[in-house]
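Structural overview
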Amino acid sequence: MKKPLLQFTDRGIYCAAANVYLDPWKPVDKAIISHGHADHSRWGHKQYITHHRNVPIVKHRLGDISITGKEWGETFTINGVKFSLHPAGHIIGSSQIRVEHKGEVWVFTGDYKLEDDGLATPYETVKCHTFITECTFGLPAFLWEPQEQVINAINEWWASNKANGQTSVLFGYSLGKAQRLLRHLDPSIGKIYTHGAVENMTNVLRPLADFPETELIARDTKKEDIRGNIVIAPPSAHGSTWIRKMVPFVTASASGWMAFRGARRRRAIDKGFVLSDHCDWPGLLEAIRSTGAEKVICTHGYTEIFSKYLQELGYDASPLAPKGGTVQLGEEEEEIIAQTLAKDETTQLPSPVGRGAGGEGKEVNT
């Protein structure tokens, strides 16, 4: 029986013909990395290949590593197998990975979204025979509002809080969501403060994009200086002693998981904004349809349900989990899913399959 061009192994997605792994979760000799989030770019590989805009992100997270940057659409050949990277639209530097060998084309999406957020290079359709797609939000319940509408609501929320003499604390992941928020916040409303994790990552990305001026909240930052302004912080800062400096404050979270009833309440968040860096249900279906792929492999999320739906549409679709056992969840994702599904009696949804456990910060962008 002919072996597939890409296989799931206990180290990650493997191309045997090239002896290369895609986003491996264990140390390997050569890894092609889709983007900089901790569950996709891990420490310990001998050689990394990724888009050049992702290089500073990975080096910031992983330190002194051997890494090579490629341009969009640039073909590079390894042992006769052709590889190229194409925009995924997820965060800055995020790529789909195209693999071609002996007339057969596979595409691995990594994480992706179709909406142009004005920051990441917009998603590009890549024709292929087999499409390996994430389906983090692969349920019909997930339908995103346009970004402009959500951002307007965030700025109105901030202005209202300021009028009430309150500080706005907005939670978003330090890589990806935080910069997307910063890019579109209205600085005419007030000053933008940041948590250290957000400030550090934003400084890494400032050479690649325009962001408004921000000020790091330091030990000597005075409470009266922060009042009425907005603070961008990672979700892990909620409930910590760090946030006490913001009193009086109101909190909000920007995430696709805010579409779940109960998610905001379970996380003790005052306001939820549904803003995701992944495809919603229509986006996933549109992406798959546009590739022309006959075979679809579903990873990360509601793989069973989504693949069954695709089968009903006539696709050769299947869910995929790493060889040798159940996929591990990142801590942040596991916490969110547990709080929004297992503990929420109003939400009758099955548990999704997660991604590999996270590294630095245990963050995955949602």
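The paragraphs below set out a description of the structure included in this document. Since the model is a prediction, treat every value here as computed from it, not as a measurement.

1. Observations concerning the pairing of strand β12 (residues 167–171)
Across the five residues that make up β12, a large majority, five, are buried. In β12, alternate side chains face the same way, and those of Thr167, Val169 and Phe171 on one face and Ser168 and Leu170 on the other are all buried. Where β12 and strand β16 (residues 249–254) come together, five bridges link them in parallel fashion. Across the sheet, the residue bridging to Phe171 is Ser253, located in β16. With four bridges connecting them, β12 and strand β15 (residues 230–233) associate as parallel partners. Residue pairing in the sheet places Leu170 in a bridge with Ile232 of β15.

2. A word on the nonpolar core
The biggest cluster of nonpolar side chains holds 30 residues, and the ones touching the most others in it are Ile154, Trp157, Leu170, Ile230 and Ile232. Of all the secondary-structure elements, those providing two or more residues to this core are α2 (147–163), α3 (177–184), α4 (196–205), β15 and β16. Ranked by the residues each element gives to this core, the list is headed by α2, at five residues. Residues from two domains meet in this core; each of domain 1 (6–141 + 278–334) and domain 2 (147–274) gives at least three. Those residues in contact with Ile230, other than ones at most four positions away along the chain, are Trp157, Trp158, Ser168, Leu170, Leu185, Lys191, Ile192 and Tyr193.

3. Quick notes on helix α8 (residues 303–312)
Those residues of α8 that sit buried are Thr303, Phe306, Ser307 and Leu310. Seen from one end, α8 has its buried residues packed into an arc of 95°, which puts them on one side. The inward-facing, buried residues of α8 contact β11 (130–135), α7 (281–291), β18 (295–301) and β19 (316–319). Where α8 ends, the next residue or the one after it, Gly314, has phi of about 105°, a positive value.

4. A few points about α2
Spanning 17 residues, α2 covers 24 Å between terminal C-alpha atoms, matching the ideal 24 Å at 1.5 Å per step. The complete set of buried residues in α2 reads Gln147, Val150, Ile151, Ile154, Asn155, Trp157, Trp158 and Asn161. Seen end-on, α2 carries its buried residues on one side only, within an arc spanning 155°. Residues of α2 that are exposed and angled more than 90 degrees away from the buried face: Glu148, Glu156 and Ala163. Contacts made by the buried residues of α2 are with β12, α3, β13 (192–194), β15, β16 and β17 (271–273). Positive backbone phi, approximately 75°, marks Gly165, located one or two places after α2.

Calculation criteria
- Residues numbered from 1 in each chain as written.
- Predicted model: local features only at pLDDT ≥ 70, side-chain atom pairs only at ≥ 80, totals over all residues.
- Heavy atoms only, no water.
- Buried < 20%, exposed > 50% of the residue type's maximum accessible area, 1.4 Å probe, protein only.
- Helix = DSSP H or I, 4+ residues; strand = E, 2+ residues; numbered from the N terminus.
- Pairing = 2+ DSSP bridges.
- Core = buried A, V, L, I, M, F, W, Y, C linked by side-chain atoms within 4.5 Å.
- Domains from an automatic or database assignment.
- Contact = heavy atoms within 4.5 Å.
- Arc of directions from axis to C-beta.
- Expected span 1.5 Å × (residues − 1).

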